[in-house]
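Read off the chains here:
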Amino acid sequence: MRRHRHQVRVSTLDSSDVHPAWLPPEALRAIGTRRTLVCGEGTLVDTVHAEVERAANRYGGSARRIAPETGLSPADLVFALTRELPATQSDDPPPGESDPAVVSAAIDAAKAELGAAGVEPLGAEGFAVTRHGEVTVVLADAPAGLLYGLFELVRLGESGFGPAMPARVCRPAMARRMLDHWDNVDVHPVMGQVERGYAGGSIFWRDGRPRRDQARVTAYARLLAACGINAVSVNNVNVHATEARLLTERLDDVAELADLLRPYGIRVHLAVSFAAPVVVGGLPTADPLDPAVRGWWAETTSRVYARIPDFGGYLVKADSEGQPGPFSYGRDHADGANLLAEALAPYGGVVHWRAFVYNHRQDWRDRSTDRARAAYDHFAPLDGRFKDNVIVQVKHGPMDFQPREPVSPVIAAMPGTRLAVEFQVTQEYTGQQKHVCYLAPWWSEILRFAPWGEPGRTVADVAAGGSDQAGGSDQAGGGDRTGGGLVAVSNVGDDRFWTGHPLAQANLYAFGRLCWDPGLRPQTVLDEWIDLTFDPATSPDPELLRRTLHEIMDDSWRTYERYTAPLGVGFMVRPGQHYGPDVDGYEYTPWGTYHFADRDGVGVDRTRATGTGFTGQYPSPWLQVYESLDHCPEELLLFFHHVPYTHVLRSGSTVIQHIYDTHFDGVREVEAMCRRWEWLAGLVDPTVHARVTERLTEQLRCAREWRDQINAYFHRKSGIPDAHGRPLH
Ligand code: GCW
């Protein structure tokens, strides 16, 4: 048998100045105290072994690597591949309760249990964890499953070794679970090293060069694997001159990152410029139908795969916010995406083609143009024309990662296309990692949304793909293709806490977990994160710690929503930086993000009857629900309707009074967060405590500013006083 014994580079990160996030050494304590056998071949099995060995060295257990034909030895934990189970040995076993025969019996029982339950095959990344006698067994069909099984055991801690441990079989809902870094190689004169980054510099790049902090990137890969991510795009979708060369002469820089991410099952993707044939290839055109252009992409892509055989594929932002695209050549986005897909297909690569295409130079005086319509108008007519390895990547909402938006109608409009849904873990419009804003409840709401009405296929089902036809409607489409999965913009930088705000780590963790299982409850995910990150078991008051973190974080997204733009109208942020209030900041600009407040009312009429017709992009029942003032969900009222300030909500309150009330409430909730956080002094790492305290101080200042500006603005516009006589300025 061929043996791979590469030295795996597992993190040597001991620099006490980088926070371990959800993988402090204690998270592996339960595993590290056990005797573990790891059976199997390949890089990812090497990683599992290295992880267990490191934990065993710290906590007194042992980690033995065995081949299927090697003899078993006494063990409490076994990792094995279903097709290469260690051979049973029963000749003359030494006595003892966990002798090799016991281990062997546990493996056999685990395998038999899988067979009886009819849960095989486990698939490329799935695994089973079972317990028989005194032995916990992790089985997988492929090495990646063992890696994810390891991290499942990390989450289980001691309970993974208890008599009551129920057998579990886990497979990811999404085949591709991806993070997009908006990291620049060169420091961009306006956007800096990381576009919309709120956690310092890039962990990959610095001042035009690779950063080469191997320990940091390895630690990152480990954290991502532990929450289930398996793909990373390493540069900004706005591809500038230097970054365009990552595809060609700077490919070695990408390969270095691929080498560091590979041991944790993460494939590298690259954002490329659609104009690459011109800007780096020296061709006169990037026309997707030009044979020389096709030849250039084929040749360039073959070089990429020669250097990085498991390269994931390309990510493209085309004809959007100044990025080049097929429109320059009179071609459409199917022509553009298929060009790259054709080059990637021989190697199994995919192209993520973003649907974020709109006119960012519109005339604000023109009330008929509606940015919310743009992605659907451009992409829905192209359904069925994309090659199989094109994934159209759609932002979850029709606008742009606002704290509240309806689900994008594109998600229901392209049954013949693989769709990926894009989230924003980086908090561009949700407090920029200065504000506590746990986003999992928001993402969970979106993933559970049924675009064709309930009961029926959900957004998560569309992203996962497959042949589930629960929607029952012809439009629900489906087929049996793998879906495009989930993608999110990363919130990580070179900050010592990774994410600037230490509590923003929970968003990164939660995104990975929801990709794996979109049905997880956000509070459960938060519990996992708290238990791993803060090790409440060693805290003097674990209950207070857990409860207080929940009180601060569970509802923090809704708190943020309360003190910012009201009732789904969006934006009202400072132009450019997107932080803090500026109610009219975008109102008379070309960006298409308006609220239309006047002395009588506020909101965007997107109805078919009297507005932009955007509601007509939804299938039933949402078309009717959103069209109707009576049925429209109130949190989206001003997204879909322009209403007078005196419009009465279902609560009985008027729109204007609702605006005042929610803004006072939101600030009160932030004040409560600040008090609660003080209780945790002494219960969490003092450096974490200090950083969060500093951020909360800013959050409170900013929330008050939002409250006062929004309330003053609407008071001045409407002339209507607060029913409770509070100061409106
Ligand atoms: O929300 C906008 C951001 C841009 C970003 C763009 C996009 C990378 O303000 O900074 O560009 O979205 O998603 O492409």
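All of these numbers come straight from a predicted model, not from anything done at the bench.

A. Here's a closer look at the overall build of the protein chain. From N to C terminus, the protein chain includes 21 helices and 20 strands. If one aligns the C-alpha atoms of the protein chain with their principal axes, the spans along those axes are about 90 × 65 × 55 Å. Looking at the 729 residues of the protein chain, the share that counts as buried comes to 63%. Considering only contacts within the protein chain whose residues lie at least 6 apart along the sequence, 70% involve residues at least 24 apart. Total accessible area computed for the protein chain in this model is approximately 25,800 Å², and 50% of it derives from carbon and sulfur atoms. Each charge class in the protein chain can be summarised by its mean position, and for the 73 positive and 93 negative side chains these summaries are 2 Å apart.

B. Quick peek at helix H17 (residues 556-563). Among the 8 residues of H17, 6 are classified as buried, and the element is accordingly described as predominantly covered. Elements in contact with the buried residues of H17: helix H12 (440-448), helix H16 (542-553), helix H20 (655-679) and helix H21 (686-718).

C. Spatial organisation of the site of the ligand. Around the ligand there are 15 residues in total, and Glu195, Lys317, Lys395, Asp400 and Glu428 lie nearest to it. Arginine 354 has a polar side-chain atom sitting 2.7 Å from an oxygen atom of the ligand. Measuring from an oxygen atom of the ligand, one finds a side-chain N or O atom of aspartate 400 at 2.6 Å. Notes on the ligand: free accessible area 340 Å², of which the protein chains cover 97%. When each cavity is represented as a set of grid points, the ligand is found to reside in the second largest pocket. Here the residues of the shell around the ligand are counted per class, giving 4 nonpolar, 3 polar and 8 charged.

D. Highlighting the sheet that holds strand S15 (residues 350-354). The strand order around the closed barrel built from 8 strands is S7-S12-S13-S14-S15-S16-S17-S18, with neighbouring strands paired in parallel fashion. In this sheet, adjacent strand axes meet at a mean angle of 25 degrees when their direction is disregarded.

E. Structural context of the packing of H20 against H21. Across the interface, H20 lies against H21 with an axial gap of 9 Å and an inter-helix angle of 165 degrees. When the interaxial angle is binned, H20 and H21 end up roughly antiparallel. Like other packed secondary-structure pairs, H20 and H21 cross with a definite hand, here left-handed. Of the residues that constitute the contact of H20 with H21, the class distribution is 17 nonpolar, 7 polar and 4 charged.

F. Quick peek at the pairing of strand S16 (residues 390-395). The element S16 is extensively covered by neighbouring structure, given that 6 of its 6 residues are classed as buried. Side chains of S16 alternate between two faces, with Val390, Val392 and Val394 and Ile391, Gln393 and Lys395 buried alike. By the bridge criterion, 4 bridges tie S15 to S16 in an arrangement that is parallel. Paired with tryptophan 353 across the strands is valine 392, a residue of S16. Handedness of the β-α-β unit built from S15, helix H11 (residues 374-379) and S16 comes out right-handed.

G. Summary view of helix H5 (residues 214-227). The end-to-end C-alpha distance of H5 is 20 Å, a good match for the 20 Å that 14 residues give at a rise of 1.5 Å each. For H5, the tally of buried residues reaches 12 of 14 residues, placing the bulk of the element in the interior. Among all positions in H5, only Arg216, Val217, Thr218, Ala219, Tyr220, Ala221, Arg222, Leu223, Leu224, Ala225, Ala226 and Cys227 are buried. On its buried face, H5 is in contact with helix H2 (43-59), helix H4 (143-156), strand S7 (177-180), strand S12 (231-233), helix H7 (251-261) and helix H14 (505-516). Following H5 by one or two positions, glycine 228 has its phi on the positive side, about 105 degrees.

H. Inspection of the environment of alanine 167 at higher detail. With respect to the secondary-structure elements, alanine 167 resides in the loop between H4 and strand S6 (168-170). Expressed as a C-alpha distance, the spacing of alanine 167 and proline 381, which sit 214 residues apart in the sequence, is 47 Å. Every residue in contact with alanine 167, bar those within four places of it in the chain, is listed here: Glu113, Val129 and Thr130.

I. View of the confidence of the model for the protein chain. Averaged over all residues, the pLDDT of the protein chain is 94; the fraction at 70 or higher stands at 94%. Predicted confidence for residues 1-14 stays below pLDDT 50, and this span has 36 contacts to residues more than four positions away or in other chains.

J. Structural context of the side chain of glutamate 587. Turning to its location among the elements, glutamate 587 is positioned in the loop between H17 and strand S19 (601-602). Buried within the structure, glutamate 587 lacks any salt-bridge partner; arginine 367 is the closest side chain of opposite charge, at an N-O distance of 6.9 Å. A distance of 2.9 Å separates a polar side-chain atom of glutamate 587 from the backbone nitrogen of histidine 595. Setting aside anything within four residues of it in sequence, one finds glutamate 587 in contact with Trp364, Thr593, Tyr594, His595, Phe596 and Ala597.

K. Looking closely at unusual backbone geometry. Note the cis peptide between glutamate 454 and proline 455, where omega equals -10 degrees. As for its placement among the helices and strands, proline 455 is situated in the loop between H12 and helix H13 (459-464). In this structure, proline 621 follows serine 620 across a cis peptide bond, with omega equal to 5 degrees. The backbone of aspartate 319 sits at a positive phi, close to 50 degrees, despite the residue not being glycine. You can see aspartate 319 is positioned in the loop between strand S14 (313-316) and helix H10 (333-344).

Reading the values: the criteria
Residues numbered from 1 in each chain as written. Predicted model: local features only at pLDDT ≥ 70, side-chain atom pairs only at ≥ 80, totals over all residues. Heavy atoms only, no water. Helix = DSSP H or I, 4+ residues; strand = E, 2+ residues; numbered from the N terminus. Buried < 20%, exposed > 50% of the residue type's maximum accessible area, 1.4 Å probe, protein only. Contact = heavy atoms within 4.5 Å. Areas by Shrake-Rupley, 256 points an atom, 1.4 Å probe, with all protein chains shown as cover. Lys, Arg positive; Asp, Glu negative; His and termini not counted. Charge placed at Lys NZ, Arg CZ, Asp CG, Glu CD. Near = heavy atom within 4 Å. Polar contact = N/O pair within 3.5 Å; in protein donor to acceptor, adjacent residues only side chain to side chain. 1 Å grid on protein atoms, 1.4 Å probe; cavity = no way out; pocket = protein on both sides within 12 Å on 5 of 7 lines; lining within 4 Å. Sits in = over half its atoms within 2 Å of the grid points. Nonpolar A, V, L, I, M, F, W, Y, C, P; charged D, E, K, R; others polar. Pairing = 2+ DSSP bridges. Axes fitted to C-alpha atoms, helices over the stretch in contact; angles between N-to-C directions. Parallel < 35°, antiparallel > 145°, perpendicular 65-115°, else oblique. Left-handed = near helix turned anticlockwise from the far one by under 90°. Right-handed = clockwise from strand over helix to strand, strands pointing away. Expected span 1.5 Å × (residues − 1). pLDDT = per-residue confidence, 0-100. Salt bridge = Lys/Arg side-chain N within 4 Å of Asp/Glu carboxyl O.

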